[in-house]
Amino acid sequence: MGVENKDSCSQRDSAEREGYVRAHRSFRRIWKERDSVQPELLEEILKKDNLNRAFKRVKANKGAPGIDGITVEEIGAYLRENQKGLIERIRRGKYTPDPVRRVEIPKPDGGIRKLGIPTVKDRIFQQAITQRLIPVYEPLFSESSYGYRPGRSAKDAIQKVKEYAEQGYTYAVALDLSRYFDTLNHEILLNILRRNVKDERVIQWIKRYLKSGEMENGVVMETEEGSPQGGNISPLLANVYLNEFDQEYEKRGVAFVRYADDIVLLAKSDRAAKRLLESSTKYLEGTLKLKVNQKKSRVVSVFAIRNFKFLGFTLGKNGKGVYVRVHGKSWKKMKSKLKELSSRRSCQSWATVFSENLFKSITLQSHGFRGSQSQWNLRNYPDRISLWNGA
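All of these numbers come straight from a predicted model, not from anything done at the bench.

Criteria and thresholds
Residues numbered from 1 in each chain as written. Predicted model: local features only at pLDDT ≥ 70, side-chain atom pairs only at ≥ 80, totals over all residues. Heavy atoms only, no water. Helix = DSSP H or I, 4+ residues; strand = E, 2+ residues; numbered from the N terminus. Buried < 20%, exposed > 50% of the residue type's maximum accessible area, 1.4 Å probe, protein only. Contact = heavy atoms within 4.5 Å. Pairing = 2+ DSSP bridges. Axes fitted to C-alpha atoms, helices over the stretch in contact; angles between N-to-C directions. Parallel < 35°, antiparallel > 145°, perpendicular 65-115°, else oblique. Left-handed = near helix turned anticlockwise from the far one by under 90°. Phe/Tyr/Trp six-rings, centres within 6.5 Å; stacked < 30°, edge-to-face > 60°. Lys NZ or Arg CZ within 6 Å of the ring centre and 35° of its normal. Core = buried A, V, L, I, M, F, W, Y, C linked by side-chain atoms within 4.5 Å. Expected span 1.5 Å × (residues − 1). Bend = angle between axes of the 7 residues up to and from the residue. Salt bridge = Lys/Arg side-chain N within 4 Å of Asp/Glu carboxyl O. Nonpolar A, V, L, I, M, F, W, Y, C, P; charged D, E, K, R; others polar.

Caption draft 1: Looking closely at the side chain of Asn239. Along the chain, Asn239 falls in helix α9 (residues 234-251). Judged by its relative accessible area of 1%, Asn239 falls in the buried class. Ignoring sequence-local partners within four residues, the contact set of Asn239 consists of Phe141, Ser145, Gly147, Tyr148, Arg149, Arg258 and Ala260.

Caption draft 2: Here's a closer look at the pairing of strand β6 (residues 255-259). Counting buried residues in β6 gives five out of five residues, a clear majority hidden from the surface. Because side chains alternate across β6, one face comprises the buried residues Ala255, Val257 and Tyr259, and the other comprises Phe256 and Arg258, equally buried. Here β6 folds back onto strand β7 (residues 262-267) in antiparallel fashion, the turn holding two residues, of which Ala260 has a positive phi close to 60 degrees.

Caption draft 3: Focus on the packing of α9 against helix α10 (residues 270-286). It is the contact of α9 with α10, at a shortest axis distance of 11 Å, that shows an interaxial angle of 140 degrees. Between α9 and α10, the crossing angle belongs to the class labelled oblique. In this structure, α9 meets α10 at a crossing whose hand is right-handed. Here α9 contributes Leu242, Glu244, Phe245, Glu248 and Tyr249 to the contact with α10, which in turn contributes Leu276, Ser279, Ser280, Tyr283 and Leu284.

Caption draft 4: Region of the structure containing the packing of aromatic side chains. Within the structure shown, the criterion is met by 11 aromatic pairs. Between the aromatic rings of Tyr180 and Phe181, the centroid separation amounts to 5.4 Å while the plane-to-plane angle is 70 degrees, which identifies the pairing as edge-to-face. Overall, the relative accessible area of 5% leaves Phe181 in the buried class. Ring geometry for Tyr249 against Tyr283: centres 6.1 Å apart, planes inclined by 75 degrees, an arrangement best described as edge-to-face. Of this pair, Tyr249 sits in helix α9 while Tyr283 sits in helix α10, placing them 34 residues apart in sequence. Seen from the ring of Tyr146, Arg152 lies directly overhead, with NZ or CZ sitting 4.8 Å from the centre.

Caption draft 5: Highlighting the nonpolar core. Membership of the largest hydrophobic core comes to 62 residues, with the highest contact counts inside it found for Trp205 and Phe245. Counting residues per element, this core draws most heavily on α9, at eight residues. With near-sequence residues (within four places) excluded, Trp205 lies in contact with Leu42, Ile45, Leu46, Ile90, Tyr95, Phe125 and Ile129. Counting 22 residues, the second-largest nonpolar core is a separate cluster that includes Tyr259, Val264, Phe310 and Leu315.

Caption draft 6: Just the sheet that holds strand β3 (residues 171-176), in detail. With respect to topology, four strands assemble into an open sheet ordered β6-β7-β3-β8, the strand pairing being antiparallel. Each edge of the sheet is formed by a strand with only one pairing partner; in this case those strands are β6 and β8 (298-301). The average angle at which neighbouring strand axes cross in this sheet is 25 degrees, direction not considered. In terms of strand pairing, β3 meets β7 through six bridges, oriented antiparallel. If you follow Asp176 over to β7, its bridge partner there is Asp262. Sitting on the sheet, α9 is in contact with β3, β6 and β7, with an inclination near 175 degrees to β6. Relative to β3, α10 is tilted by about 20 degrees, and along the sheet it contacts β3, β7 and β8.

Caption draft 7: Spotlight on the side chain of Thr314. By the secondary structure assignment, Thr314 is in strand β9 (residues 313-318). The contact partners of Thr314, leaving out residues within four places of it in the chain, are Val302, Ala304, Ile305, Phe308, Tyr323, Val324, Arg325 and His327.

Caption draft 8: Structural view of the pairing of β3. The sheet contact formed by β3 and β8 spans four bridges and is antiparallel. Directly across from Val173, in β8, lies its bridge partner Val299.

Caption draft 9: Here's a closer look at helix α4 (residues 75-91). An ideal rise of 1.5 Å per residue puts 24 Å on 17 residues; α4 reaches only 21 Å between its terminal C-alpha atoms. By the largest-angle criterion, Asn82 marks the main kink of α4, which is about 65 degrees. Among all positions of α4, only Ile75, Gly76, Leu79, Gln83, Leu86, Ile87 and Ile90 are buried. Looking one or two residues past α4, Gly93 carries a phi angle of roughly 75 degrees, positive in sign.

Caption draft 10: Structural context of the pattern of salt bridges. Across all of its chains, the model carries 19 salt bridges by this definition. Arg201 is the salt-bridge partner of Glu43, the closest N and O atoms lying 3.1 Å from each other. Here the residue Glu43 occupies a position in helix α2 (residues 41-45), and Arg201 occupies one in helix α8 (residues 200-210), the gap between them amounting to 158 residues. Taking relative accessible area as the criterion, Arg201 reaches 2% and is therefore assigned buried. A salt bridge links Glu200 to Arg194; the nearest nitrogen and oxygen atoms lie 3.0 Å apart.

Caption draft 11: Expanded view of unusual backbone geometry. Positive phi, normally seen in glycine, also occurs at Lys62, with a value near 60 degrees. If you trace the backbone, Lys62 turns up in the loop between α3 (48-61) and α4. Even without being a glycine, Lys289 presents a positive backbone phi close to 60 degrees. Secondary-structure assignment places Lys289 in the loop between α10 and β8. Taking relative accessible area as the criterion, Lys289 reaches 48% and is therefore assigned partly exposed.

Caption draft 12: Main features of the packing of helix α5 (residues 120-137) against α8. Taken N-terminus to C-terminus, the directions of α5 and α8 make an angle of 135 degrees; their axes are 12 Å apart at the nearest point. If you check the angle between α5 and α8, you find them oblique. In this structure, the crossing between α5 and α8 has a hand that is left-handed. Note on element contacts: α8 touches α5 through Trp205, Ile206 and Tyr209, opposite Asp122, Phe125, Gln126, Ile129 and Leu133. Classifying every residue of the contact of α5 with α8 by side-chain character gives six nonpolar, one polar and one charged.

Structure below.
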């Protein structure tokens, strides 16, 4: 028996070594082969104008430092000293992203949202990748998808729900995905990306971000699934992943509106809506390996003031027709925020408070704004800043 166990262990070790060598050779070959269908994509990402644009965007967004402690204000000096080495390592496939810094923030409903904060330099590189992939994917995304997309907003999404309601689609399937960003299946996501990103070097770079790990209380843990909220590339990857759902349900002729992981399917009867709830749950959990929160996902009337809430809005109906209004909970939250801002700045003039804080808060809250605040901050950021000069 001892001899058999020894032989079995030897065979397993040999197979593992062979698999490692095969994977290592495959990875090295990826970075040597330049005759792929899209060999220029990595070079496009690393062009100095693209990197400078990414630098400006991250600088404008501000944000907390990652595990290396380097702040947005300090990153310029760091990159001026290290940019050539970083770019060369990326080109040779030797660059390893840092683990993200795991933080937890309270959710309005009492839960906890986990964020993964990459280092500032990795946020810049992720933004550079995103800028080159957005033109690839925007034409492929559904017209029913509104989140994290240029020229689209939460206001547009609820307006589309209103249009469907006016056409008789008054029953909504409100789908709630449990920990969506934390549960993206890496294998499925990478295979989806390979359909349109033909430079395997870029795929492997993205894979390294997905597998970079997370640090919490000084301990680094591996990441086998998910794309951490906090990374610049995560919103795009989230849309790429759920675009599979969008395309499938467009083929089925289903009316729906999606804003990131907030999904509403619409039907003209309670019975049809219940069938949609069953079929969509089966697709999301079976095909995309996601988890649908059964307690929060349900069929409701779009006019149910208390039960239907989408991106902070709800629908009403009167003699003049269907209209959109801010949901009661969102309105209460907005008033609380305004009170906090006004009391915090009591020593300043009311005009200053209004112009700098309250107006922005009113706009963001009442429009159900859910994405990055970069669209606000970037507007005032000077275009003259240029850091990447040797890429």
